[in-house]
Structures are given as C-alpha cells and as structure tokens.
Amino acid sequence: MTNEELIRELSAARQQIVQLEQSVSSHLQAEETLKNSEMQFRSIFDDLADALHVVDGDMRILFKNKVFSQWAHLLGMKAAKGKTIFEAFPFLPPELRKEYETVFQRGEVLITEETNTVGGKKYYTETQKIPVFEGKKVARVITIVRDVTERKQADEALQKSEE
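Residues numbered from 1 in each chain as written. Predicted model: local features only at pLDDT ≥ 70, side-chain atom pairs only at ≥ 80, totals over all residues. Heavy atoms only, no water.

Visitor: Whenever I open this one, the confidence of the model for the chain confuses me. Can you help?
Guide: Fine structural detail should not be taken from predicted coordinates in areas where pLDDT scores are low. Scored by pLDDT, the chain comes out at a mean of 86, with 99% of its residues at no less than 70. Per-element averaging of pLDDT across the chain places helix α1 (residues 3-46) at the bottom with 79 and strand β5 (residues 137-147) at the top with 95. (pLDDT = per-residue confidence, 0-100. Helix = DSSP H or I, 4+ residues; strand = E, 2+ residues; numbered from the N terminus.)

Visitor: Is there a simple way to explain the packing of aromatic side chains in this structure?
Guide: What describes a pair of aromatic rings is the distance from one ring centre to the other and the angle between the planes of the rings. Under the definition given, this model contains 3 aromatic pairs. Both rings, one in phenylalanine 45 and one in phenylalanine 63, keep their centres 6.0 Å apart while their planes meet at 70°; by these two values the pair is edge-to-face. Linking phenylalanine 45 in helix α1 with phenylalanine 63 in strand β2 (residues 61-64), this pair joins segments that are 18 residues apart in sequence. In this structure phenylalanine 63 comes out as buried when scored by relative accessible area, which is 9%. Considering the side-chain rings of phenylalanine 68 and phenylalanine 89, the 5.3 Å spacing of their centres and the 85° angle between planes classify their relative orientation as edge-to-face. A residue pair is termed long-range when its members are at least 10 positions apart, and phenylalanine 68 in helix α2 (residues 66-74) and phenylalanine 89 in the loop between α3 (85-88) and α4 (95-106) qualify at 21 residues. The same class applies to phenylalanine 68 and to phenylalanine 89, which are both buried. An aromatic cluster of at least three residues, connected via ring pairs, comprises Phe68, Phe89 and Phe91. (Phe/Tyr/Trp six-rings, centres within 6.5 Å; stacked < 30°, edge-to-face > 60°. Buried < 20%, exposed > 50% of the residue type's maximum accessible area, 1.4 Å probe, protein only.)

Visitor: Sorry if this is basic, but what is going on with a nonpolar patch on the surface here?
Guide: On the surface, Leu20, Val24 and Leu28 cluster together into a nonpolar patch covering about 280 Å² of accessible area. Looking at the secondary structure, you find leucine 28 in helix α1. (Patch = residues over 30% accessible without salt bridge, like charges linked within 9 Å, V, L, I, M, F, W, Y side chains within 5 Å. Areas by Shrake-Rupley, 256 points an atom, 1.4 Å probe, with all protein chains shown as cover. Salt bridge = Lys/Arg side-chain N within 4 Å of Asp/Glu carboxyl O.)

Visitor: Explanation requested: the pattern of salt bridges in the structure shown.
Guide: If the charged atoms of two oppositely charged side chains come close together, the side chains can form a pair. Scanning the model with the defined rule gives 7 salt bridges in all. For the salt bridge of glutamate 99 with lysine 129, the shortest nitrogen-to-oxygen distance reads 2.8 Å. Of the two residues, glutamate 99 sits in helix α4 while lysine 129 sits in strand β4 (residues 121-134), which places them 30 residues apart along the sequence. Owing to a relative accessible area of 0%, lysine 129 belongs among the buried residues under this scheme. The closest approach of N and O atoms between arginine 151 and glutamate 113, which form a salt bridge, is 4.0 Å. Of the two residues, arginine 151 is situated in helix α5 (residues 149-162) and glutamate 113 in strand β3 (residues 110-118); the sequence distance between them amounts to 38 residues. Residue classification places arginine 151 among the partly exposed positions, given a relative accessible area of 41%. The network of salt bridges with shared partners includes Glu113, Arg151 and Lys152.

Visitor: Would you take a moment to explain α4 for this structure?
Guide: For α4, which comprises 12 residues, the first-to-last C-alpha distance of 16 Å matches the rise-based estimate of 16 Å (1.5 Å per residue) to within 8%. Every buried residue of α4 is listed here: Leu96, Glu99, Tyr100, Val103 and Phe104. The buried residues of α4 occupy an angular sector of 135° when the element is viewed end-on, so they sit on one face. Of the exposed residues in α4, those oriented more than 90 degrees away from the buried face are Lys98, Gln105 and Arg106. Contact partners of the buried residues in α4: β1 (51-56), α3, β3, β4 and β5. Once α4 finishes, glycine 107 follows within two positions and takes phi at roughly 70°, a positive value. (Expected span 1.5 Å × (residues − 1). Arc of directions from axis to C-beta. Contact = heavy atoms within 4.5 Å.)

If you want it as structure tokens, here you go:
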C-alpha cells in the first residue's frame with residue numbers, strides 16, 4: 001500500500017469517526033430531550049389534585065400519578081404498575097369493566113359517578129375515562145378520579161335538614 005493510499009484511508013477513517021461522534025452526540029441530545037420531556041410530563045400529572053392512572057386494553061396499570069398512589073396506600077391497596085385495576089382495587093364493581101370496554105370500543109369520553117365502600121367508609125367519586133388513540137384504535141384509557149365525598153355528604157346533610 002502506498003503512502004497516498006494510506007493517507008486516503010486515514011482521511012476516510014477520520015471522517016467516519018467525526019460522523020460517528022456527531023451521531024452519538026445527536027443520540028445523547030435526543031435522549032436528554034426525551035428524559036426532560038418525560039420529567040415534565042410526570043411533574044404535570046403528579047401536580048394534579050385528582051388521582052390519575054392509565055390502563056391498556058387488558059386493564060393493566062401503565063402509569064399512575066402521586067395522588068393515585070397515595071389513595072391506594074390510604075385504602076391499604078397495592079396499585080403497582082402491571083397489575084390490573086381490578087387486582088389493585090378489588091372492591092371495584094364489575095360494571096366498571098364494561099365502562100372501560102365501552103371507552104375502548106367507542107372511543108368516547110365517559111364521565112360517571114361512583115359510590116364505593118372500603119373499610120366501612122363510603123367514598124363518592126366522579127370519574128372521567130378518556131380514550132388515547134394510536135391511529136384509529138384506542139390503545140389506552142386515561143382515568144381521572146375526583147373524590148367528591150365531602151360535597152356529596154354536604155348535599156345529603158342539606159337534603160335531610162330540608163325534610
């Protein structure tokens with residue numbers, strides 16, 4: 001191999017190294033951007049006053065915010081990622097499965113009010129089930145649960161006082 005050929009090969013190798021460094025740098029920058037975006041996303045959902053969780057078509061919990069985790073802890077439940085919503089909260093009524101199935105099938109938001117008794121205490125909640133699409137298919141459902149127990153109890157007390 002001549003000196004000229006070695007110089008050309010060395011130059012080509014240097015160019016490939018520069019391209020590889022640029023590629024790695026771009027990849028690291030994209031990774032950092034994604035990490036920051038995920039942190040911002042989590043922060044927004046964790047700052048909500050309502051409980052929020054995301055389930056897939058098998059009703060498995062994919063994501064939960066801090067309030068959801070706190071509620072699970074208060075209720076003595078283990079709402080771990082990967083568990084179904086019914087494994088995490090066994091007191092949920094069977095009709096709830098049909099509600100989720102409806103959202104997955106129709107792709108429409110569903111707003112409901114529920115009453116559940118856990119550990120002898122009655123809880124009232126208002127729930128929004130919001131479809132998340134991938135293409136034309138609902139892939140996940142975001143569920144936002146608001147505790148309206150105090151409001152309901154106040155309404156009930158007012159009704160009793162008016163009777």
